[in-house]
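# Structural overview
Single-letter residue listing:
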Amino acid sequence: MNKKLAAALSGGAVLAMALTGCGDDKEEKLDAWAKQVCDDVQPQAKKISDANAAIQEQTSDNSSPEDVQKTDSKAFGDMSAAYKAIGSAVSKAGAPPVDDGEKTKNDAVKELNGISTAYGDLKKQVDDLDTGDQGEFADGLKDIAGELSKISKSGNQALEKLQSGEVGEAMKNQESCKSSTTSPAPSPSGA
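Residues numbered from 1 in each chain as written. Predicted model: local features only at pLDDT ≥ 70, side-chain atom pairs only at ≥ 80, totals over all residues. Heavy atoms only, no water.

### Side note on the pattern of salt bridges
What counts is decided by this rule: Salt bridge criterion: a side-chain nitrogen from Lys or Arg within 4 Å of a carboxyl oxygen from Asp or Glu. Think of it this way: any DSSP run of H or I at least four residues long counts as a helix, any run of E at least two long counts as a strand, and we number them from the N terminus. Whether a residue is buried, partly exposed or exposed follows from its accessible area with a 1.4 Å probe, protein chains only, as a fraction of its type maximum: under 20%, in between, or over 50%, in that order.
Under the defined criterion, the tally for this structure stands at nine salt bridges. A salt bridge links lysine 46 to aspartate 50, with the nearest nitrogen and oxygen atoms 3.0 Å apart. Here aspartate 50 and lysine 46 lie together in helix 1 (residues 2-57), a separation of four residues that amounts to about one turn. The shortest N-O distance in the salt bridge between glutamate 147 and lysine 150 comes to 3.5 Å. Taken together, the residues glutamate 147 and lysine 150, both in helix 4 (residues 134-162) and three residues apart, mark about one turn of the helix. You can call glutamate 147 partly exposed: its relative accessible area is 34%. Using a relative accessible area of 55% as the deciding quantity, one classes lysine 150 as exposed.

Next up, the structure:
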């Protein structure tokens, strides 16, 4: 009787070790996925942060409409490229090894690409503003500020979704994700 019990306990221990090993393997795969994404996202997050800082610098009343237009156009172009690159990084990494990983990846890529397109549209709008009429230029910037507010909320939501649950926990453990927080998008210069 003791031999049967010992065999059953031994078999249970082997099963428990196997299950623990599977869990560790999943965790290792998730950490590897998160590291790849975070390492690729970090330079893009810096570009977004730098673009936001450039817009904020240009908000002084002494800036000419031409300088504001040039700064905002470059910043929106940089943000568009950065969000596109983040979407590509997530796509390249593949689905995270979690439940609904493929859906998580696809949703994030779709949203990030949409944000990239929206910033590209803002760049075009800024480029099309008439800098010769300061009142008209200021009104145009106010319209752009409203769009910018919507885009920045959408961008934050897309990143929050990606960084939730098991995926988020794995990403929080990556050094490159710890240092790649983006600041919220400011109003366009002069708005």
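### Points about the packing of helix 2 (residues 65-93) against helix 3 (residues 101-128)
The cut-off we apply is this: Here the axes come from fitting lines to C-alpha atoms, over the contacting stretch only for helices, and the angles between their N-to-C directions go from 0 to 180 degrees. Oblique is the label for any angle not covered by the other classes, which are roughly parallel (under 35 degrees), roughly antiparallel (over 145) and roughly perpendicular (65 to 115). Left-handed is the label given to a crossing in which the near helix is rotated counterclockwise from the far helix by less than a right angle, and right-handed is the label when the rotation is clockwise.
Axis separation between helix 2 and helix 3 bottoms out at 8 Å; the angle between their running directions is 165°. When the axes of helix 2 and helix 3 are compared, the pair comes out roughly antiparallel. As helix 2 runs across helix 3, the sense of the crossing is left-handed.

### A look at a negative patch on the surface
Cut-off, in case you're wondering: Patches were defined on residues exceeding 30% relative accessible area and lacking a salt bridge, with like-charge contacts within 9 Å and nonpolar side-chain contacts (Val, Leu, Ile, Met, Phe, Trp, Tyr) within 5 Å. All accessible areas in this document rest on Shrake-Rupley with a 1.4 Å probe, and a residue is counted as covered only by the protein chains that are shown. Note that His is not counted, nor are the chain ends; the positive residues are Lys and Arg, and the negative ones are Asp and Glu. To locate a charge, take NZ of a lysine, CZ of an arginine, CG of an aspartate or CD of a glutamate.
A cluster of acidic side chains, namely Asp130, Asp133, Glu136, Asp139 and Asp143, defines a negative patch on the protein surface. Mapped onto the fold, glutamate 136 is located in helix 4.

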